[in-house]
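# What the coordinates show
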Amino acid sequence: RFLMSIVNFIISPMIATLLYNQSCLYYLFHASPAISSTFTYLSCYNLRGLDVRNGTISCPPTEFYYKSYTESFNPPFIYGYDCGSALLLAYIPILLYSYLMSGLIAPIFRYIYLNTVRSNIDNQNSNDSIVGMATFAVISQHLLVFITFGISYPPLGAVITMSVISE
């Protein structure tokens, strides 16, 4: 369960972001969009000659016209070091909402269920070792997400801490 939590919460989102976010490795596997630039310059229909002495070209005022030139190219892949922030921007809101649900809203519903629907609670559990291992896996998963994302975004770290305490 712990290994699947690592794959689901850490490795899969990172791979998905790496491959499909345009700030990461997307343009390594896809063609980058063409960049084009157009500029306009003044030209002359009829050049009468080049005056070599002072380096100027003489052209009658009625012979001037504007000429446009467009150049385009497909840039090569260049890693821009924005992938870390793209990962945080993509997954912090998702983790924040999921931990708000599991840390604040789920305990409220659990409290209502335990106090209104179930009047007789059986506190005995015959599989204490299995429950202990499952609890360890869940707390380890929360700790791993806290270390990966919670440190870089402190409000998420606070919500993760509240979620662990409420469980």
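Counting restarts for each chain, with residues numbered from 1 along the sequence as it is written. Selection of residues for local features in this predicted model requires a pLDDT of at least 70, selection of side-chain atom pairs for listing and counting requires 80 or more, and totals for whole chains, interfaces and linings are taken over all residues. The side-chain numbers reported here are obtained from all heavy atoms of the structure, hydrogens and water having been left aside.

This part is about the overall build of the chain. Helix and strand definitions follow DSSP, with helices as H or I runs of at least four residues and strands as E runs of at least two, each counted in order from the N terminus. Helix and strand content of the chain: five helices and four strands. Listed by position from the N terminus, the elements making up the chain come as α-α-β-β-β-β-α-α-α. The buried share of the chain, taken over its 167 residues, is 21%. Any two residues whose heavy atoms approach within 4.5 Å are treated as being in contact. Sequence-distant contacts, at least 24 apart, represent 70% of the contacts inside the chain between residues at least 6 apart. Entry remark: accessible area of the chain is about 12300 Å², with carbon and sulfur atoms responsible for 64%. With a 1.4 Å probe rolled over the protein chains alone, any residue whose accessible area is under 20% of its type maximum counts as buried; one over 50% counts as exposed, and the rest are partly exposed. Methods summary: accessible areas were calculated by the Shrake-Rupley approach with a probe of 1.4 Å, and residue burial reflects only the protein chains presented.

Another aspect to go through is the state of the cysteines. Only a pair of cysteine sulfur atoms within 2.5 Å counts as a disulfide in this structure description. Under the criterion given, the structure shown has one disulfide. A sulfur-sulfur distance of 2.0 Å marks the disulfide that ties cysteine 24 to cysteine 83. Given an S-S torsion of about 100°, the disulfide between cysteine 24 and cysteine 83 has right-handed geometry. Separated by 59 residues along the polypeptide, cysteine 24 in the loop between α1 (2–20) and α2 (26–29) and cysteine 83 in helix α3 (residues 83–117) bring together distant segments of the chain.

Each aromatic pair joins two rings of Phe, Tyr and Trp (for Trp, the six-membered one) with centres within 6.5 Å, and gets the label stacked for planes under 30 degrees apart, edge-to-face for over 60, and tilted for any other angle. Throughout the structure, instances matching the rule amount to four aromatic pairs. Where tyrosine 26 meets tyrosine 27, the ring centres are 5.1 Å apart and the plane angle is 80°; that geometry is what we call edge-to-face. Following the ring pairs from residue to residue traces out a cluster consisting of Phe39, Tyr41 and Tyr69.

Another point: helix α5 (residues 154–166). Multiplying one less than the number of residues by 1.5 Å gives the expected span of a helix. When the terminal C-alpha atoms of α5 are compared, their 18 Å separation across 13 residues agrees well with the 18 Å that a helix rising 1.5 Å per residue should span. Buried within α5 we find Leu156, Gly157, Val159, Ile160 and Ser163. End-on, the buried residues of α5 take up no more than an arc of 165°, which puts them together on one face. Within α5, the exposed residues directed more than 90 degrees away from the buried face are Pro154 and Ile165. Note: the arc covers the axis-to-C-beta directions of the helix.

Here threonine 17 shows up in helix α1. The buried category is assigned to threonine 17, whose relative accessible area is 5%.

The end-to-end C-alpha distance of α1, which contains 19 residues, comes to 26 Å, matching closely the 27 Å that a straight helix rising 1.5 Å per residue would cover. Axes are fitted to the seven residues ending at a residue and to the seven starting at it; the angle between these axes is taken as the bend at that residue. At isoleucine 11, α1 shows its maximal bend, which comes to roughly 35°, and the proline proline 13 appears one to four places after that position. Listed as buried for α1 are Ser5, Ile6, Ile10, Pro13 and Thr17.

In this section: the confidence of the model for the chain. Note on scores: pLDDT gives the predictor's confidence for each residue, bounded by 0 and 100. On average, residues of the chain score 75 in pLDDT, and 74% of them are at 70 or above. Put simply, strand β2 (residues 50–51) is where the chain has its lowest mean pLDDT, 49, and α2 is where it has its highest, 88.

We now examine the environment of methionine 4. Structurally, methionine 4 can be placed in helix α1. Judged by relative accessible area, which is 49%, methionine 4 ranks as partly exposed. A sequence separation of 137 residues divides methionine 4 from glutamine 141, and the C-alpha atoms of the two residues are 9.5 Å apart.

Here the focus is the nonpolar core. Note that soluble globular proteins tend to have their nonpolar side chains buried in a common cluster. Among the buried residues, those of types Ala, Val, Leu, Ile, Met, Phe, Trp, Tyr and Cys that are joined through side-chain atoms within 4.5 Å form a nonpolar core. With twelve residues, the main nonpolar core is built from Ile10, Leu87, Tyr91, Ile92, Leu95, Leu96, Tyr99, Val145, Phe149, Leu156, Val159 and Ile160. Of all the secondary structure elements, the ones that give two or more residues to this core are α3, α4 (128–150) and α5. Among the elements that line this core, the one with the most residues is α3, at six residues. Non-local contacts of tyrosine 99, meaning those with residues more than four positions away in its chain, are made with Leu104, Gln141, His142, Val145, Leu156, Val159, Ile160 and Ser163.

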